[in-house]
Amino acid sequence: MDKSLNKFRAIAIASVCILASLLPAVSRGQSDPLYSQAWALPTLYNPASAGSTDFLRIRGAARLQWVGIENAPKSFTGAADIPFKFLERRWGGGVNITQEGIGLFSNTYVNGQISGRLKKLFGGELSIGLQVGYFGSSFKGSEVYIPDDDDYHDSNDPSIPKQDVGGGSIDFGIGLQYTHPKFHVGVSMLHPASPKVKLNTKGTTNSSATSDNHEFETYVSRTIYLTAGSNISIKNTLIELQPDLIVASDLKSVSGVLSLKGWYNKMMFGGIAYRWDDAVSINLGAEFKNFILGYAYDIPTSRILKASSGSHEIVVGYRMKLDFSGKNRNRHRSIRLM
């Protein structure tokens, strides 16, 4: 019985590796990780969000998806943005770093952002943003395992790397956002050129060093994001409701997160979210002296629930209010006194 289970497990792992592996003509497209608490990482999905508040914002996030399944996706993100004035105009700058593992793939996204206010409109402001960065990807071909007695897959399949390969490419994105005191809405396109990455063995510059002169490549899917959110204060209470929406599409498929959280006294929050065709998420968190901590637990709504106990996600961050009044321009304020 144990041998049968081990054999089934080996075949299942091999199948996952093959599905995740690279093909010579049609490569596997990568995409950005979609966090259940995407509302806490606005610049990750729209460069026009950089500097959209009067705060220096620093955020970190970690997501462990489908706990209990081997080689399930893991994502880690660091993000920071800051507003500033230049030539009497309001600007924003930001940086994002994301590392994720998906099966035998490991991907790195790094970018810098700049945004500018175009004009005031209907009591709010319209901003445009641009980001330029780097996308790197690697594949652990040395860890691919296919049983010799597998009737469905060929262990000598030339479309699967037999050694570790990797590469990188320049990437960019653009976005628009309208920010109003009571709500915001934005649209962006990331990876519009759908950059392709040729994967080579470490230290080589051409594909001839890979197995049998076979060329491997992957690419980042062109993705359009729609984001929206609002603040709804309930009269005569200390409660504020914040609905948020993010929709992502590569024009072939659609994913998204719709969430609603309630803040109490601007210190603690709790809420629920729905990940389209994926999971229901429970959110809890608190903010104290400009520090924020958020946690999300995703319960799968698909059959994957039979193999996984769910997904876990945590967000931590800090923000500091900046003074744009022009007064005391040369004075520095201690963070401890804020």
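Since the model is a prediction, treat every value here as computed from it, not as a measurement.

Novice: Residue-level account of the overall build of the chain, with values.
Specialist: Within the chain, the secondary structure is distributed over two helices and 18 strands. Considering only residue pairs separated by 6 or more positions, the chain has 56% of its internal contacts joining residues 24 or more positions apart.

Novice: Lay out the nonpolar core with the relevant residues and their values.
Specialist: Ranked by internal contacts, the top residues of the largest apolar core, which has 19 residues, are Tyr35, Tyr45, Tyr225 and Ile246. Dropping the residues within four chain positions of it, Tyr45 is found in contact with Pro33, Leu34, Tyr35, Ala38, Ser188, Leu190, Tyr225 and Ile246. By size, the runner-up hydrophobic cluster in this structure holds 10 residues, among which are Phe135, Val165, Val197 and Leu199.

Novice: Could you give an account of the environment of Arg59, naming the residues involved and the relevant values?
Specialist: Mapped onto the fold, Arg59 is located in strand β2 (residues 55–64). Along the sequence, Arg59 and Val316 sit 257 residues apart, while their C-alpha atoms lie 5.8 Å from each other. In this view, Arg59 contacts Ala40, Leu41, Thr77, Gly78, Ala79, Ile292, Val316 and Gly317; residues no more than four positions away in its chain are not counted. Of note is the side chain of Arg59, whose polar atom sits 2.9 Å from the backbone oxygen of Ala40.

Novice: Could you give an account of unusual backbone geometry, naming the residues involved and the relevant values?
Specialist: A negative phi angle characterises most non-glycine residues, just as the trans form characterises most peptide bonds. Of note, Phe122 is a non-glycine position whose phi angle comes to about 50°, a positive value. Relative to the elements of secondary structure, Phe122 occurs in the loop between β5 (105–121) and β6 (124–139). Although it is not a glycine, Asn265 sits at a positive phi angle of roughly 55°. Of note, Asn265 is situated in the loop between β14 (254–264) and β15 (268–275).

Novice: Requested: an account of the confidence of the model for the chain, with residues and values cited.
Specialist: In this model, the chain carries a mean pLDDT of 84, and residues with pLDDT of at least 70 account for 81%. Throughout residues 203–212 the model reports pLDDT below 50, and contacts reaching past four residues in sequence, or to other chains, amount to 19 contacts.

Novice: Can you lay out the pairing of strand β11 (residues 223–230) for me, pointing to particular residues and giving the numbers?
Specialist: The side-chain alternation of β11 yields one buried face, formed by Thr223, Tyr225, Thr227 and Gly229, and one unburied face, formed by Ile224, Leu226, Ala228 and Ser230. By the bridge criterion, eight bridges tie strand β8 (residues 183–190) to β11 in an arrangement that is antiparallel. By the bridge assignment, Phe183 is partnered in β11 with Ser230. Note: β11 against strand β13 (residues 239–249), six bridges, orientation antiparallel. Looking across to β13, one finds that Ala228 is bridged to Leu245.

Novice: Would you mind going over the pattern of salt bridges in detail, with residue names and values included?
Specialist: If you walk through the whole model with that rule in mind, you get 12 salt bridges. Between Glu217 and Lys196 there is a salt bridge whose closest N-O contact spans 3.9 Å. With Glu217 in strand β10 (residues 216–220) and Lys196 in strand β9 (residues 196–201), this pair connects stretches of sequence that are 21 residues apart. Close ionic contact of Glu240 with Lys266 constitutes a salt bridge, the shortest N to O distance being 4.0 Å.

Novice: Can you lay out the pairing of β5 for me, pointing to particular residues and giving the numbers?
Specialist: Examined bridge by bridge, strand β4 (residues 89–102) and β5 share 12 bridges and lie antiparallel to one another. Residue pairing in the sheet places Gly92 in a bridge with Ser115 of β5. The turn linking β4 back onto β5 is made up of two residues, and Gly103 within it adopts a positive phi angle of 60°. Across 16 bridges, β5 lies against β6 in antiparallel orientation. The partner of Ser106 across the bridge, within β6, is Ser138. As consecutive antiparallel partners, β5 and β6 are separated by two residues, and within that stretch Phe122 has a phi angle of approximately 50°, a positive value.

Novice: Explain the packing of aromatic side chains to me, and be specific about the residues and the numbers.
Specialist: Under the counting rule described, the total for this entry stands at eight aromatic pairs. Look at Tyr274 and Trp276: their rings are 6.4 Å apart centre to centre, the planes differ by 85°, and that puts the pair in the edge-to-face class. Here Tyr274 falls in the partly exposed class, since its relative accessible area comes to 36%. Above the plane of the ring of Trp39 lies Lys261, whose end atom (NZ or CZ) is 3.9 Å from the centre. Over the ring of Phe55 we find Arg319; its NZ or CZ atom is 4.2 Å from the centre of that ring.

Novice: Which residues make up the side chain of Gln37, and what are the values?
Specialist: Relative to the helices and strands, Gln37 is located in the loop between β1 (29–30) and α2 (42–45). Residue Gln37 is classed as buried on the basis of its relative accessible area of 0%. If we ignore the near neighbours within four places in the chain, the residues touching Gln37 are Asn283, Gly294, Tyr295, Ala296, Glu313, Ile314 and Val315.

Novice: So what's going on with the side chain of Ser188? Residues and values would help.
Specialist: Tracing the backbone through its elements, the reader meets Ser188 in strand β8. Judged by relative accessible area, Ser188 falls into the buried class, the value being 3%. Only 2.5 Å separates the side chain of Ser188 from the backbone oxygen of Tyr45, close enough to count as a polar contact. Apart from the residues within four sequence positions on either side, Ser188 is in contact with Tyr45, Asn46, Pro47, Ile174, Gly175, Thr223, Ile224 and Tyr225.

What counts and what doesn't
- Residues numbered from 1 in each chain as written.
- Predicted model: local features only at pLDDT ≥ 70, side-chain atom pairs only at ≥ 80, totals over all residues.
- Heavy atoms only, no water.
- Helix = DSSP H or I, 4+ residues; strand = E, 2+ residues; numbered from the N terminus.
- Contact = heavy atoms within 4.5 Å.
- Core = buried A, V, L, I, M, F, W, Y, C linked by side-chain atoms within 4.5 Å.
- Buried < 20%, exposed > 50% of the residue type's maximum accessible area, 1.4 Å probe, protein only.
- Polar contact = N/O pair within 3.5 Å; in protein donor to acceptor, adjacent residues only side chain to side chain.
- pLDDT = per-residue confidence, 0-100.
- Pairing = 2+ DSSP bridges.
- Salt bridge = Lys/Arg side-chain N within 4 Å of Asp/Glu carboxyl O.
- Phe/Tyr/Trp six-rings, centres within 6.5 Å; stacked < 30°, edge-to-face > 60°.
- Lys NZ or Arg CZ within 6 Å of the ring centre and 35° of its normal.

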